[in-house]
There are 2 protein chains.
Amino acid sequence: MSSIQFLPPANYTVAVELGFRDSRSKRCWSAGAGFSKRWCPRMRSIRAETAAETFGSRKGESLGPNGECDCDIPGRSAPALSNVGNSTNIAWHECPIGKLERQILLNQKGCVIWITGLSGSGKSTLACALSRELYALGYLSYVLDGDNIRHGLNKDLCFKAEDRAENIRRIGEVAKLFADAGVICIASLISPYRRDRDACRAMLPESIFIEVYMDISLEVCESRDAKGLYKLAREGKIKGFTGVDDTYEPPLNCEIVIAPTDGECPPPGTMAKQVISYLHENGFLKA
Amino acid sequence: MSSIQFLPPANYTVAVELGFRDSRSKRCWSAGAGFSKRWCPRMRSIRAETAAETFGSRKGESLGPNGECDCDIPGRSAPALSNVGNSTNIAWHECPIGKLERQILLNQKGCVIWITGLSGSGKSTLACALSRELYALGYLSYVLDGDNIRHGLNKDLCFKAEDRAENIRRIGEVAKLFADAGVICIASLISPYRRDRDACRAMLPESIFIEVYMDISLEVCESRDAKGLYKLAREGKIKGFTGVDDTYEPPLNCEIVIAPTDGECPPPGTMAKQVISYLHENGFLKA
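Residues numbered from 1 in each chain as written. Chains lettered and ligands numbered in written order. Predicted model: local features only at pLDDT ≥ 70, side-chain atom pairs only at ≥ 80, totals over all residues. Heavy atoms only, no water.

A. Structural context of unusual backbone geometry. Residues and elements named next belong to chain B. In this structure, N107 takes a positive phi of about 55 degrees despite not being glycine. Judged by relative accessible area, which is 2%, N107 ranks as buried. The backbone of S191 shows a phi angle near 35 degrees, a positive value even though the residue is not glycine. Within the secondary structure layout, S191 lies in the loop between β5 (184-188) and α7 (194-203). The exposure class assigned to S191 is buried, which follows from its relative accessible area of 2%. (Buried < 20%, exposed > 50% of the residue type's maximum accessible area, 1.4 Å probe, protein only. Helix = DSSP H or I, 4+ residues; strand = E, 2+ residues; numbered from the N terminus.)

Set out below in C-alpha cells:
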C-alpha cells in the first residue's frame with residue numbers, strides 16, 4: 001500500500017483543520033479556523049498516527065499497487081460467486097479497514113448488549129442509562145429499540161409469530177453490523193423466545209453477545225404498566241401479549257441478570273454500572 | 001439530571017484506567033494499567049468533560065430525578081401509542097443521548113454516502129478507498145456493501161423486482177441508523193432505479209444524503225467484468241442484469257459525479273479525495 005495515504009492533504013489550511021501537526025515546528029496546533037475548540041486537534045494527529053501504525057503492520061494483501069481493492073485489480077482472478085439464502089451470484093467484498101481498525105480508532109470493542117425481559121421490566125430505561133454512562137466515559141454506543149425499529153426497518157412486520165421472529169432476526173443482523181463497526185450496540189426488545197435470542201447469539205462470535213435478563217416479576221411490570229399495554233391485554237384488546245397470553249422464556253445462561261435487591265428494583269444508574277463493570281472486566285472498554 | 005453521572009467510578013483504579021484526571025494534582029494520567037498507550041488518556045477526560053458540558057446545556061426534560069427515562073417515571077402519563085405500517089400499539093422511545101452527542105464524541109457528522117452505478121464501475125473500490133482515507137484522518141466510517149448485506153440481513157431476498165426494491169429500502173433504513181449513530185455510512189450498491197434511491201433520500205434530512213454517481217460507461221465496466229457477471233448475463237445465465245437486459249437510471253441531481261478525465265478513470269485515491277473534499281466543504285468533518 002502506498003504510504004501517501006497518510007500524508008496530510010495538499011492544502012495546508014485543510015491539513016491544519018484536520019488536525020495534522022506541523023512537522024517543522026513539532027508543535028501541536030491548538031485550533032484551526034472553524035475547528036471545534038472543545039476537542040484537542042492533537043487527538044486527530046494521534047488518530048492519524050495510530051492509523052498509519054496500523055496500516056504499517058498490514059501486509060496489504062487485498063490492495064493493488066495503486067490502492068485498488070482486490071475485486072478491481074486487472075488480472076486478479078474473479079472473486080468466488082456464491083448463493084446465499086435467496087441471493088444468487090453474490091461475492092463477499094472485504095475492505096482493508098476492518099473491525100480491528102475501527103476498534104483502535106474508538107478505543108473500545110464492538111459488541112452487542114442484548115437486553116431481554118417483559119414489557120415494563122426496564123429494558124429501555126437500562127438502555128438509555130447505559131448509553132448515557134458510556135457517553136460520559138467517552139465510549140460510543142447505539143441503542144436499537146424494538147419499538148423504534150418498527151418505525152423504520154421493520155415497519156412491514158406485525159406481531160404474529162413469524163413476524164416477531166423476523167423482527168428479532170433483522171435486529172440481530174443490524175446489531176451485528178454495528179458491532180462490526182466497533183460500536184457498543186445496545187439492543188432492547190422483549191425477545192420472549194429463547195430460540196430467537198440464541199439465533200442472534202449464534203450470528204456472532206460467542207464472547208461479544210452479552211445477554212442481559214431483566215429479572216423483574218410480572219406483578220411489578222404490570223403494576224408499572226408505563227405504556228398501558230397490560231391493561232389493553234387484560235381487556236383482550238391486544239392478543240398474544242407476552243406475560244398475559246403468551247409465554248416469556250427466561251435465559252438459561254445469560255451473561256448478566258438485573259434483579260431486585262431486598263425487594264427493591266435497582267435504579268437506572270445502578271443497573272448501568274452493573275453492565276459497565278462487566279464490559280470493563282471483560283476488556284470491552286479498550287481496543 | 002443528577003450530576004453524579006459524570007463523576008468518576010468509585011473504584012480509583014478503574015477511574016484512572018477510564019482516563020479520569022486526578023483533580024487534586026491536576027495532572028493528566030499518562031497510562032493506567034492495561035490502558036492502551038497509543039491513546040492519550042487525556043482524550044477520555046476531555047471526552048468526559050465534553051459529555052458533561054453537553055449534558056449541562058440540556059434541560060433533562062425526559063429524565064426523572066433518579067435518571068429514569070420518561071416511560072418509567074411513576075405518575076408520568078403513558079407515551080402515545082401508534083400504528084406504523086403493520087405494527088400496532090408501538091411507542092417511540094427517545095434516549096437522552098442523541099445524534100448530537102455522538103457527533104460531538106466523534107467530531108464528525110453522521111451522513112449517508114450513497115454510491116450508485118453499474119456493476120464494475122468501481123463502487124466498492126471507492127467505498128474502500130474512502131473508508132481508508134477517512135480512517136487515516138481519524139474519522140469513523142462504515143461500509144454497507146450490497147452483496148455483503150445479502151449474506152446476512154437481506155439473505156431472504158432474491159433479485160426479482162420487489163425484492164431488489166426491498167433490498168434497497170432495508171439498506172437505506174440501516175444507513176439511516178448508522179448516520180443517526182454519528183457514523184459516516186458508505187452504502188455501495190447498484191441501486192439502478194431512481195425511485196428507490198430517491199425513497200432512501202426521502203428517509204433522511206436532505207443534506208445528509210450524499211449521492212455519488214459512478215459515471216463509467218457500460219463498455220468500460222463490461223471490459224473489466226471483475227466478477228465475471230457480464231459474461232454470464234450475455235450468455236443468458238443471469239436474467240435482468242443491469243446494463244444488459246435491465247435499465248440503469250442515472251441520477252438527475254446527485255451531489256458528486258465520478259467520471260473519467262481525458263478518457264482515464266480516476267484511481268481510487270483520487271476518487272476518495274473528491275468525496276472527502278465534499279465532506280470537508282460541507283462541514284461533515286467536524287461536530
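Picking up where we left off.
B. Broad picture of the pattern of salt bridges. Residues and elements named next belong to chain A. One pass over the full model with this rule turns up 32 salt bridges over all chains. The partner of R234 in a salt bridge is E222, and the shortest N-O contact between them spans 2.7 Å. A residue pair is termed long-range when its members are at least 10 positions apart, and R234 in helix α9 (residues 229-234) and E222 in helix α8 (residues 218-224) qualify at 12 residues. Assessed through its relative accessible area of 48%, R234 is described here as partly exposed. (Salt bridge = Lys/Arg side-chain N within 4 Å of Asp/Glu carboxyl O.)

C. Highlighting the UniProt feature "domain: APS kinase" (unreviewed entry) in chain A. When the UniProt feature table is mapped onto this chain, "domain: APS kinase" (unreviewed entry) is found at residues 109-258 of chain A. Segment residues 109-258 of chain A splits into 41% helix and 17% strand. End C-alpha atoms: 23 Å apart. (UniProt positions renumbered as here; feature names shortened; annotations may be inferred.)

D. Local environment of helix α10 (residues 268-281) of chain A. Residue and element names in this part refer to chain A. For α10, with 14 residues, the first-to-last C-alpha span of 20 Å sits near the 20 Å given by 1.5 Å per residue. Considered for burial, the residues of α10 that qualify are P268, G269, M271, A272, V275, I276, Y278 and L279. Elements in contact with the buried residues of α10: β3 (111-116), α4 (123-136), β6 (209-214) and β7 (256-258). Following α10 by one or two positions, G283 adopts a phi angle in the positive range, close to 80 degrees. (Expected span 1.5 Å × (residues − 1). Contact = heavy atoms within 4.5 Å.)

E. Fine view of the nonpolar core. The biggest cluster of nonpolar side chains holds 136 residues, and the ones touching the most others in it are I113, L144 and F178 of chain A together with I113, L144 and F178 of chain B. When neighbours within four sequence positions are excluded, F178 of chain B is seen to be in contact with L177, F178 and A181 of chain A together with Y142, L144, V183 and C185 of chain B. (Core = buried A, V, L, I, M, F, W, Y, C linked by side-chain atoms within 4.5 Å.)

F. View of the sheet that holds strand β4 (residues 141-145) of chain A. All names here are of chain A. One open sheet holds the five strands; their spatial order is β4-β5-β3-β6-β7, and the pairing between them is parallel. The open sheet has two free edges, formed respectively by β4 and β7, since each of these has just one partner strand. Adjacent strand axes in the sheet meet at a mean angle of 20 degrees when their direction is disregarded. Bridging between β6 and β7 involves three bridges; their strand directions are parallel. Its bridge partner lying in β7, V212 is registered against I256. In the packing of α4 onto the sheet, the strands contacted are β3, β4, β5 (184-188), β6 and β7, and the crossing angle to β5 comes to about 165 degrees. (Pairing = 2+ DSSP bridges. Axes fitted to C-alpha atoms, helices over the stretch in contact; angles between N-to-C directions.)

G. Region of interest: the environment of S191 of chain A. The sequence separation of S191 of chain A and N167 of chain A amounts to 24 residues, and the corresponding C-alpha distance is 9.2 Å. When neighbours within four sequence positions are excluded, S191 of chain A is seen to be in contact with W114, T116, I168, R197 and Y248 of chain A.

H. Fine view of the state of the cysteines. Applying the stated criterion across every chain, the model contains two disulfides over all chains. The disulfide partner of C95 of chain A is C128 of chain B, and the gap between their sulfur atoms is 2.1 Å. On the S-S bond that ties C95 of chain A to C128 of chain B, the torsion sits near -95 degrees, and the link is left-handed. Separated into two different chains, C95 of chain A in the loop between β2 (87-90) and α3 (99-106) and C128 of chain B in helix α4 (residues 123-136) make up a pair that spans both. Classification of C95 of chain A as buried rests on a relative accessible area of 14%. The structure places no disulfide on C221 of chain A, whose sulfur is separated from the nearest cysteine sulfur, that of C265 of chain A, by 7.8 Å. (Disulfide = S-S within 2.5 Å.)

I. Examining the packing of helix α6 (residues 161-180) of chain A against helix α6 (residues 161-180) of chain B more closely. For the pair α6 of chain A and α6 of chain B, interaxial distance at closest approach is 11 Å and the crossing angle is 55 degrees. The orientation of α6 of chain A with respect to α6 of chain B, classified from their angle, is oblique. The element α6 of chain A and its partner α6 of chain B pack so that their crossing is right-handed. Mapping the contact onto sequence places E166, R169, R170, V174, L177 and F178 of chain A in α6 of chain A and E166, R169, R170, V174, L177 and F178 of chain B in α6 of chain B. Grouping the constituent residues of the contact of α6 of chain A with α6 of chain B by class yields six nonpolar, no polar and six charged. (Parallel < 35°, antiparallel > 145°, perpendicular 65-115°, else oblique. Left-handed = near helix turned anticlockwise from the far one by under 90°. Nonpolar A, V, L, I, M, F, W, Y, C, P; charged D, E, K, R; others polar.)

J. Representation of the packing of aromatic side chains. Per the stated rule, a full pass over the model turns up nine aromatic pairs over all chains. Taken together, a centroid distance of 3.9 Å and an interplanar angle of 5 degrees make the contact between F178 of chain A and F178 of chain B stacked. Here the residue F178 of chain A occupies a position in helix α6, and F178 of chain B occupies one in helix α6, the pair thus bridging two chains. Relative accessible area serves as the criterion here: at 0%, F178 of chain A is assigned to the buried category. An angle of 85 degrees between the planes, with centres 5.1 Å apart, marks the rings of Y230 of chain A and F241 of chain A as edge-to-face. Of this pair, Y230 of chain A sits in helix α9 while F241 of chain A sits in the loop between α9 and β7; the two residues are 11 residues apart in sequence, bridging distant segments of the chain. Here Y230 of chain A and F241 of chain A have matching classes, each one buried. Taken together, Y142 and F178 of chain A together with Y142 and F178 of chain B form an aromatic cluster joined through their ring pairs. (Phe/Tyr/Trp six-rings, centres within 6.5 Å; stacked < 30°, edge-to-face > 60°.)

K. The arrangement of the environment of K160 of chain B in detail. With respect to the secondary-structure elements, K160 of chain B resides in the loop between α5 (146-149) and α6. Spatially, the C-alpha atoms of K160 of chain B and K239 of chain B are 9.5 Å apart, while their sequence positions differ by 79 residues.

L. Geometry of the sheet that holds strand β3 (residues 111-116) of chain B. All names here are of chain B. As summarised here, the arrangement of the five strands in space is β4-β5-β3-β6-β7, forming an open sheet in which the pairing is parallel. Taken across any chain shown, the strands that pair with only one partner, and hence form the sheet edges, are β4 (141-145) and β7 (256-258). Strand after strand, the sheet turns through a mean of 20 degrees between neighbouring axes, direction not considered. Contacts from α7 reach β3 and β6 (209-214) within the one sheet, and its direction differs from that of β6 by about 155 degrees.

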